[in-house]
Amino acid sequence: MRLVLLGPPGAGKGTQAEKLSKEYKIPHISTGNILRQAVKLNTPVGIKANSYMTKGELVPDKIVIEIVAERLKEPDSKNGFILDGFPRTKQQAESLDSMLKSVNMPLDAVIYFHTTDQVVISRLTGRRVCKKCGANFHIKNIPPKKAGVCDFCNSVLTQREDDKEDTIKNRLNVYKNETAELIDYYKKSSMLKTVSGDLDINEAYQVLVKALKNDSIKV
Ligand code: AP5
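Residues numbered from 1 in each chain as written. Predicted model: local features only at pLDDT ≥ 70, side-chain atom pairs only at ≥ 80, totals over all residues. Heavy atoms only, no water.

K.L.:
I'm lost on the overall build of the protein in this one. Help?
P.N.:
A tally of helices and strands in the protein yields nine helices and eight strands. Relative to the compact-globule value of 17 Å for 219 residues, the protein shows a C-alpha radius of gyration of 17 Å, a close match. Principal-axis analysis of the C-alpha atoms gives the protein an extent of 45 × 40 × 35 Å. Put simply, the protein has 219 residues, and 48% of those count as buried. Within the protein, residue pairs in contact and separated by at least 24 positions form 71% of the contacts whose partners lie at least 6 positions apart. (Helix = DSSP H or I, 4+ residues; strand = E, 2+ residues; numbered from the N terminus. Rg over C-alpha atoms; globule rule 2.2 N^0.38 Å. Buried < 20%, exposed > 50% of the residue type's maximum accessible area, 1.4 Å probe, protein only. Contact = heavy atoms within 4.5 Å.)

K.L.:
What exactly am I supposed to notice about the nonpolar core here?
P.N.:
As a rule of thumb, nonpolar side chains are buried together in soluble globular proteins. In terms of nonpolar packing, the biggest core is built from 31 residues, with L72, F81, L83, L96, L107, V110 and Y186 touching the most fellow members. Put simply, the parts of the chain that give this core at least two residues each are β1 (2–6), α3 (44–55), α4 (61–71), β3 (81–84), α5 (90–102), β4 (109–114) and α8 (181–188). Looking at which element gives the most residues to this core, the answer is α4, with five residues. Excluding its chain neighbours within four sequence positions, the residues that come into contact with L107 are R2, L3, V4, F81, L96, L100, Y186 and M191. (Core = buried A, V, L, I, M, F, W, Y, C linked by side-chain atoms within 4.5 Å.)

K.L.:
So what exactly am I meant to see when it comes to the side chain of Q16 here?
P.N.:
Locating Q16 in the fold gives a position in helix α1 (residues 13–24). Look past the residues within four positions of Q16 in its chain and what remains in contact with it is F113, I201, A204, Y205 and L208.

K.L.:
Explain the pairing of β1 to me, please; I cannot follow it from the model alone.
P.N.:
Consecutive side chains along a regular strand alternate between the two faces of the sheet. Summarising burial for β1: five of the five residues are buried, a large majority. Burial along β1 is two-sided: the face carrying R2, V4 and L6 and the face carrying L3 and L5 are both buried. Note that β1 and β3 share four bridges and pair parallel. Across the sheet, R2 pairs through a bridge with F81, a residue of β3. Bridge analysis of β1 against β4 gives four bridges, and the strand direction is parallel. Pairing of L5 across the sheet is with I111, part of β4. (Pairing = 2+ DSSP bridges.)

What follows is the structure, given as structure tokens:
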């Protein structure tokens, strides 16, 4: 199964991608996670990406396309993958199409998580992440057992630099100006499935799995 998850920041793409990845045993490829890791390790890509990410701007297409092209060459992508947060521009979508065409591995579906700005802002301002193991929490929706402490490795939870309210507003504008047009791009190829991002995590997952099964997508 080869999937793209599309939608505004905070729509739940990463959360659902994790669940699908476990269920279908295919890699969850998040360009945001790859870039954050590069920033943490201070690699040349990380140094270039950092200033864009802290402002909530998109990292230039060339950098992101190269990252994905390399990642899709890894052996674990041969049986399928879930792309989370890529593509985000028309140029990225066209590059992905040609990458996949050249290896005869077309996408099976593009899942669009539809939600509102209010939901996004409340989810992202409340998100807390573990710097050590990467686990994701939300102060109200998915609270850790002990406030501020990771359930899995006992490390301190932090707020993502780009989850401050002003940066979230910028990320939403960037999404509307640069990424939302991909909904029409994928609608034309009849690959688009819309799922409400406002459902709770398990409900959204059930709807998602049903939509994928109804289409008899090969897994
Ligand atoms: P990225 O990491 O991709 O951020 P994003 O798209 O803004 O996505 P988020 O991780 O914020 O949201 P999500 O939809 O995955 O929601 P999540 O499941 O985490 O990108 C970060 C930056 O990297 C970009 O701004 C850009 O600079 C750069 N970048 C990345 N890809 C790029 C590209 N292709 N091109 C150029 N630049 C790129 O959930 C959010 C919160 O809500 C969590 O706390 C979660 O626990 C909670 N939650 C999730 N689902 C639910 C639910 N159903 N109900 C209640 N709470 C929920």
